[in-house]
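Per-entry structural report
Residue-level listing of the chains:
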Amino acid sequence: FLEIFCGKMMLTLGVKALCLHVPDGWDKLYPLANNETWDFENVAVQKDARAAISYIDPVVVHAAPPCTYLSVLGPHPTSDSYDLKAVAAATSMINFAVSVIESRVVAGGGGSLESPGRSRCWGLDAVTAFFGTYEDPFPCKYFAKADLCTYGLTEPASEKGSLASQVLHYRKQIVVAATYP
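Reading the values: rules and limits
- Residues numbered from 1 in each chain as written.
- Predicted model: local features only at pLDDT ≥ 70, side-chain atom pairs only at ≥ 80, totals over all residues.
- Heavy atoms only, no water.
- Buried < 20%, exposed > 50% of the residue type's maximum accessible area, 1.4 Å probe, protein only.
- Helix = DSSP H or I, 4+ residues; strand = E, 2+ residues; numbered from the N terminus.
- Contact = heavy atoms within 4.5 Å.
- Pairing = 2+ DSSP bridges.
- Right-handed = clockwise from strand over helix to strand, strands pointing away.
- Salt bridge = Lys/Arg side-chain N within 4 Å of Asp/Glu carboxyl O.
- Core = buried A, V, L, I, M, F, W, Y, C linked by side-chain atoms within 4.5 Å.
- Phe/Tyr/Trp six-rings, centres within 6.5 Å; stacked < 30°, edge-to-face > 60°.
- Expected span 1.5 Å × (residues − 1).
- Arc of directions from axis to C-beta.
- Polar contact = N/O pair within 3.5 Å; in protein donor to acceptor, adjacent residues only side chain to side chain.

So, about helix H1 (residues 10-17). Among all positions in H1, only Met10, Thr12, Gly14 and Val15 are buried. Along its buried surface, H1 packs onto strand E1 (2-4). Cys19 sits one or two residues past H1 and shows a positive phi near 65 degrees.

On to the pairing of strand E3 (residues 110-116), then. Along E3, 6 of the 7 residues are buried, which leaves the element largely enclosed by surrounding structure. Inspection of the sheet shows strand E2 (residues 60-63) paired to E3 by 4 bridges, in the parallel sense. Paired with His62 across the two strands is Ser112, which belongs to E3. In this region the chain leaves E2, passes through helix H3 (residues 84-106) and returns to the parallel neighbour E3; the handedness of that crossover is right-handed.

On to the environment of Ala129. With respect to the element layout, Ala129 can be found in helix H4 (residues 125-131). A residue is classified by how much of its surface remains accessible, and Ala129, at 60% relative accessible area, is exposed. The sequence separation of Ala129 and Val98 amounts to 31 residues, and the corresponding C-alpha distance is 9.7 Å.

Moving on, we get to the pattern of salt bridges. This structure, assessed with the given rule, holds 3 salt bridges. With a shortest N-O distance of 2.7 Å, Lys16 and Asp24 are connected by a salt bridge. Overall, the relative accessible area of 31% leaves Lys16 in the partly exposed class. The partner of Lys28 in a salt bridge is Asp39, and the shortest N-O contact between them spans 3.7 Å.

With 30 residues, the main nonpolar core has Ile4, Phe5, Trp26, Phe40, Leu113, Val127 and Phe131 as its most contacted residues. Listed by contribution, the elements that provide at least two residues to this core are E1, helix H2 (43-56), E2, H3 and H4. The element that contributes the greatest number of residues to this core is H3, accounting for 10 residues. Apart from the residues lying within four places of it in its own chain, the contact partners of Phe5 are Trp26, Asp27, Phe40, Ala63, Ala64, Pro65, Pro66, Met93, Phe96 and Ala97.

A ring pair, where both rings are aromatic, is described by two values, the distance of the centres and the angle of the planes. If you walk through the whole model with that rule in mind, you get 8 aromatic pairs. Ring geometry for Trp26 and Trp38: centres 4.2 Å apart, planes at 10 degrees, overall stacked. Linking Trp26 in the loop between H1 and H2 with Trp38 in the loop between H1 and H2, this pair joins segments that are 12 residues apart in sequence. Among the residues examined, Trp38 registers a relative accessible area of 12% and is labelled buried. Relative to Phe131, the ring of Phe130 lies with its centre 4.9 Å away and its plane at 85 degrees, an arrangement referred to as edge-to-face. One exposure class covers both Phe130 and Phe131, and it is buried. Chaining the aromatic ring pairs together yields one cluster made of Phe5, Trp26, Trp38, Phe40 and Phe96.

Looking now at H2. Its 14 residues give H2 an end-to-end C-alpha distance of 20 Å, which sits within 8% of 20 Å, the value for a rise of 1.5 Å per residue. Along H2, the residues that are buried comprise Val45, Gln46, Ala49 and Ile53. For H2, the arc enclosing every buried residue in end-on projection is 100 degrees, short of the 170-degree limit, so these residues lie on one face. Exposed side chains of H2 directed beyond 90 degrees from the buried face belong to Val43, Lys47, Asp48, Ala51 and Tyr55. Among the residues of H2, the N-terminal cap falls to Asn42, whose side-chain oxygen and the backbone nitrogen of Ala44 are separated by 2.7 Å. Phi turns positive, to about 60 degrees, at Asp57, one or two residues after H2.

Right under this line is the structure:
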C-alpha cells in the first residue's frame, strides 16, 4: 500500500495498524532525506515518483490530490480570481494520480482516487477515460460515497466539524477499516 498526496497519512496509519508493512505516505508536507519534498505540481517530481513507485511495486495506491482549484467552492473560469496556471497544475496532479493508479492495475494491483463529490476532478478526461463516471462506471471500477469531515478529520460534534460527502474510486472492492484518533 502506498498513499500519495497523503496529508496527515491517516490511511497509511490505518493500514499500518493492521500490522502490514507500509512505507510512509508521500506528500509535499514531508521532506525527503535530501530536504527536497514531493512537490507533485512539478512534472520532473512526478516522473521520479513514477519510477520509485514502479520500483517499490505497491499492490494498492491511494491518491487524494489537492482539490482547491477544481473545487466547486474554488474560483470558476468566469471569476477574476480564476488562475489558469493553478488549474493546469491541479489537473496535472490528477492526471498523474490516475496514471499511477492505472500503472498499478496493469501490474496486477489496484488503486483509488479521492476528491470531493462535486469536484471538477470527476469530469477530467483522464478520470472519465479510466474510471468512467459515477452514473456509468467502467467494468471493475467502483464509486463509493463516504462522509468525511471537511476540517482535518475532526469529529462532527466538534466546534468546526462539518460532514461533507466525498467520492472514492476503487479499482477493486477493497475495504480497509481504520479508526481516526
